[in-house]
Structures are given as C-alpha cells and as structure tokens.
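Residue strings, one per chain:
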Amino acid sequence: MFDYSRIPVEIWHLILLAVIDVPYVLDTMISDADYWRTSPLYHDVKVYAESERCRKSMRLVCRTWRAYMDGYKHRWITYDTGTDADSRQQDEFRDVLNASVISSLDGCVPSRPRRLMFHVRGENDVERFRKLVENSARKLTILFTECSEGNEDALFEHLLSHSAELPNLRFLAICGPTRFIMPLRALSTAFPKLLSLAISHNRSATYLFSSHDTLVLPSLEVLGLDVSQTSADAVKSWDLRGLRQLHTRLSGECIGGVNISLEPIRLLGSNLTVLNIHKLRASGAAILLPFEFWTWCPRLRELLVFLSAVYLDAPAPEDHPLKSIIHWPHFDTTDLSNPWITGTSLSQTSILPHNMNLFPINLQVLIIWKSWPQYSELLSHRYGLSETEDFLVKLDEVCTRRLIRVEDRDRITLHKYLETRDNFIAVPAHSGDIDDDSS
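Residues numbered from 1 in each chain as written. Predicted model: local features only at pLDDT ≥ 70, side-chain atom pairs only at ≥ 80, totals over all residues. Heavy atoms only, no water.

Some points on the pattern of salt bridges
Quick note on the threshold: The term salt bridge refers to a side-chain nitrogen of Lys or Arg lying within 4 Å of a carboxyl oxygen of Asp or Glu. Comment: elements are numbered from the N terminus, with helices defined as DSSP H or I runs of at least four residues and strands as E runs of at least two. Only protein chains enter the accessibility calculation, which uses a 1.4 Å probe. A residue is then buried if its area is under 20% of the maximum for its type, exposed if over 50%, and partly exposed in between.
According to the stated counting rule, one finds 16 salt bridges in the structure shown. For Arg 75, the salt bridge goes to Glu 52, with nearest N and O atoms at 3.1 Å. Note that Arg 75 is positioned in the loop between helix 4 (63–70) and strand 1 (76–79) and Glu 52 in helix 3 (residues 45–58), a separation of 23 residues in sequence. Judged by relative accessible area, Arg 75 falls into the buried class, the value being 3%. For Glu 52, a relative accessible area of 10% corresponds to the buried category. One network of salt bridges, in which partners are shared, links Glu 52, Arg 55, Arg 59, Arg 66, Asp 70 and Arg 75.

Spelled out as structure tokens, the structure:
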C-alpha cells in the first residue's frame, strides 16, 4: 500500500489548491479565445460557491488542513451598501475587516481576498476601502471599483499612495479621476505589472487625456478605455506592446476626411485579437471602416461592434484571420437614429448584409447580441413586420452562401428561427434590455 505520509507537504498543497481552484473567476489573464462566450465565466458566482463548499469540507479533515484552507477563505468578496445589496456579502466584508485585529489576538489565520468588488457611495465607504487596503489586500489580484460622483479622486489617490500594499494586483477596474493632471502616468508607475486595466468615467464627466500623459504598461493585455478622444500624438508615446484586447468607443468625427477616432486603433492594433467597440457617437451617417483597418489589426480574430453603423467599402483581405463578429444591435448609438452611406443606395436595413459580403473569407460566425424574438420585435417597431422579415431572410441568404453561421445570444441559428414564420409576431423585450434599436 502506498504510504501517503511520505508525500511532501508542497505536493499536498498543490493538490488542495487544485480541488478549490475556480477557473476564470480568479484568473487575472483573460482568454482571447472566443471572448464573447467565455467572458461571463469570469463572473460565475455559482462556480465560486461550489469551490467554497469544497474548501469548507476539506477544512474539517484535520487541524493542518483547517489552517491551510482558512488561508483561502473570502477569496471573492463584494462590498455594496445599496438597497439591493446582499446582506451575506456585507457580513463577509466585515469579517475580512475584523480579521487582521482578531488574528493578532488569538492566532487565527487572517482573511486575504483575491478578488474584490467595491462600491463607493459616500465618505464612509472610502474609509472602509482604506482600511481594507491597508490591512488585508496583499494577496488581492483582481479589483473592481464603482464610484458615485465626487468620490473618484479620493479613491484614486488612496490607491496610488498605497500601491505598495497591493503587490499582486494584476486586474484593475476603476472610475477615472477628475482633477489629476497625469492619471495614466501615475497608474503606470504605481502598478507597472498590470495585465488588465479598465478606466470609466461618470456620465457627467468628460475627460481628455493630455498628450504628455503616458500609459506605460508593457505587460498589459486588456485595456478598457475610451481612446476615441485621445490624440494620435498621445497614443504614440504609450508603451502597450503586449496589448491583445481593446474595449473602447468610436465616433464619427472627421478632420480632413479622416476619422480621428480610428487613429488610436491604428496605433494600438498590431497585436489585437479582440476589438470591442461598445459605444458609438455618430451624427446620422454610418462610419467608414477603411480598407487599411485590416492592416492595422492583422491578428484580429473577434470584432464586437454596432454593425449597422459602420460599413466597408471594399472586400477585406482573404487571408485575414477574423473568425467571429458580435453585432451590438443598438448599443448607445447617440444621435444615430437612421444611419446611411453617402453616395450609395444602401439603406439602414441593407448595411449589415452589405458588410457580411465583404468580411474575410475565414469569418465563421455572426452573433446577434439579442435573442431573435427581441431583435425581430425591435426591428418591426421601426420597419414593420414585412420589411423585418425581408431583412432577416436576406441576411440569412448572404451568410448561408458564405458559410457563416448566424446565431443569437442563445445560440439559436437564424435559419432555424426563420423556419417558423409565426416567429414574426412581436415579442416584448425582456426587462433590463435596452429597447432602442436599429438593425
């Protein structure tokens, strides 16, 4: 019989960690393979709950296992004092805050969160965040923050001044400050090993980065930042040589016939595998995606965009590796009620099929962000049932000819949906979905 007592302690530690491992949820490196389908896995509470069940079971085996497993409690915590907040999550957060004091008194293992979601709604929340960072954040790898207006600067300043207390931070999502002159340079200095960075701004805030504000994060793989208003001169000074995913906005602003919001994509696109244009600012006309786009992004495999508000004017290179397109059929199209293409006969309902004819031959799938009933209902409000059906039939014909699978967010193909003409009865959109749409 094998003598398990001879197995080194280090091997046992690896075995125990494998049992409570949570794929995706605690990962700091985001896979760029099928991003659209895998991204929800990074927020799967049920998977983490199952991992916690295993951890709590194993700590009952013996004192040694208990001490080791207690070092991994509270790996994912959420702080939110909002009216819809989960009381259990708040209890866990209080346990983490108290752990450093209790452990110093009775020898208990302190809590060391790996992932934190923190909502700041007032000064008291800022103070609790300070306590957590100062006492319990040394193993924190993933930090999401949300701020109400007026608290962004205090949170940002505290993060920078206590970066030494966050030596393992690799994934940071933060609300951008309003009064810092060089926030990108400050973040680069404070957290030079970041793998993922997302900076958002409150709706009433408009922030333009200075041309002297440099983002120097050579290891960064994922960037979520509105670069559409950032000058090309500023982006040229950035060092993001490892960047693989960019999540940004796009506008229709042109100078000398050149869409200036595309310039940052041109400068950052050489290694991108995922490009998510999640918001659009346009004024009536569809935005041209120039032929040069394919040379700017020669490794792009997944494109997320409002596909009826951008258009191609020439076929993409046949050897381009683009595999998937996700169509946001509405997303924040400010002032874009009826896109059209100057100098052509293309109407709004024909832009999407037009584009599908011109994408690379390697393209395998087009995913509509909504379900087919929702999409049809939204289209029919604007075009009527007959034109909506004609549009969907035309899209199906184009994609079938090109061997492109067209499916909705539930993986139902357009061809299967069209087989039942009764589907064209309007179906109300689900609550929580944005119901202002165009094709």
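As for the pairing of strand 2 (residues 115–120)
Rule in force here: Strand pairing is defined by DSSP finding a minimum of two bridges between the two strands.
In terms of burial, strand 2 is a largely internal element, 6 of the 6 residues being buried. Residues of strand 2 alternate between two faces, with Arg 115, Met 117 and His 119 on one and Leu 116, Phe 118 and Val 120 on the opposite face, all of them buried. Here strand 1 pairs with strand 2 via 4 bridges, running parallel. The residue bridging Tyr 79 from the neighbouring strand is Phe 118, located in strand 2. As paired strands, strand 2 and strand 3 (residues 142–147) are joined by 6 bridges and run parallel to one another. Within the sheet, the bridge partner assigned to His 119 lies in strand 3 and is Glu 146.

Here's the deal with helix 8 (residues 183–190)
Put simply, the test is: Between two residues, a contact is recorded if the distance between any of their heavy atoms is within 4.5 Å.
Every buried residue of helix 8 is listed here: Pro 183, Leu 184, Leu 187, Ser 188 and Ala 190. Those residues of helix 8 that are buried lie in contact with helix 7 (152–161), strand 4 (171–175) and strand 5 (196–200).

Examining the packing of aromatic side chains
For clarity, the threshold we go by: Stacked, edge-to-face and tilted are the three classes for Phe, Tyr and Trp ring pairs, Trp counted by its six-membered ring, which pair at centre distances within 6.5 Å; planes under 30 degrees apart are stacked, over 60 edge-to-face, the rest tilted.
Counted according to the given criterion, the structure contains 14 aromatic pairs. Taking 6.5 Å as the distance between ring centres and 70° as the angle between the ring planes, the aromatic pair formed by Phe 293 and Trp 296 counts as edge-to-face. Residue Phe 293 and its partner Trp 296 are located together in helix 11 (residues 293–296), separated by 3 residues, close to a single helical turn. Here the two residues Phe 293 and Trp 296 agree in accessibility, since each one is buried.

Section: the nonpolar core
Condition: Nonpolar cores are built from buried Ala, Val, Leu, Ile, Met, Phe, Trp, Tyr and Cys residues. Side-chain atoms within 4.5 Å join them into one set.
Counting 89 residues, the largest nonpolar core has Leu 172, Leu 197, Leu 223, Trp 238, Met 356, Phe 359 and Leu 366 as the members making the most contacts within it. For this core, the element with the most residues is helix 14 (residues 385–401), which contributes 5 residues. Setting aside residues no more than four positions away along its own chain, Leu 366 makes contact with Leu 307, Ile 325, His 327, Leu 352, Met 356, Leu 395, Ile 404, Arg 405, Val 406 and Glu 407. Counting residues in each nonpolar core, the second largest holds 9 residues, with Ile 326, Trp 328, Val 365 and Trp 369 among its members.

Re the packing of helix 1 (residues 9–19) against helix 4
For the record, the criterion: Fitting a line to C-alpha atoms yields each axis, with helices limited to the stretch in contact; the angle taken between N-to-C directions then spans 0 to 180 degrees. Reported orientations rely on four angle classes, namely roughly parallel under 35 degrees, roughly antiparallel over 145, roughly perpendicular from 65 to 115, and oblique for the rest. Crossing handedness follows the turn of the near helix against the far one: under a right angle anticlockwise gives a left-handed crossing, and clockwise gives a right-handed one.
In the contact formed by helix 1 and helix 4, the axes pass within 11 Å of each other and the chain directions differ by 60°. Judged by the angle between their axes, helix 1 and helix 4 are oblique. Crossing hand, helix 1 versus helix 4: right-handed. Mapping the contact onto sequence places Trp 12, His 13, Leu 16 and Leu 17 in helix 1 and Trp 65, Tyr 68 and Met 69 in helix 4.

Quick look at the side chain of His 119
Our working rule: Under the rule applied, a polar contact is a pair of N or O atoms within 3.5 Å (in protein, one hydrogen donor and one hydrogen acceptor; residues adjacent in sequence only if both atoms are side-chain atoms).
One can find His 119 in strand 2. Taking relative accessible area as the criterion, His 119 reaches 13% and is therefore assigned buried. Side-chain polar atoms of His 119 contact the side chain of Glu 146, separated by 3.2 Å. With near-sequence residues (within four places) excluded, His 119 lies in contact with Tyr 79, Asp 80, Asp 125 and Glu 146.

Here we look at empty space enclosed by the protein
Unfilled space is identified by rolling a water-sized probe across the atoms. Basically, it comes down to this: Cavities and pockets were defined on a 1 Å grid built from protein atoms only: a cavity is a group of points that admits a 1.4 Å probe but offers it no way out, a pocket is an open group of points flanked by protein on both sides within 12 Å along at least five of seven lines, and a lining residue is one with an atom within 4 Å of any such point. Grid points are joined across faces, edges and corners, and a volume is the space filled by probe spheres set on the points.
Tallied over the entire structure, the rule returns 1 cavity of 30 Å³ or more. Here the largest cavity is characterised by a volume of approximately 40 Å³. A per-element tally of the lining of the largest cavity places helix 8 first, with 3 residues.

Note that all results are geometric; they support no functional claim without further evidence.
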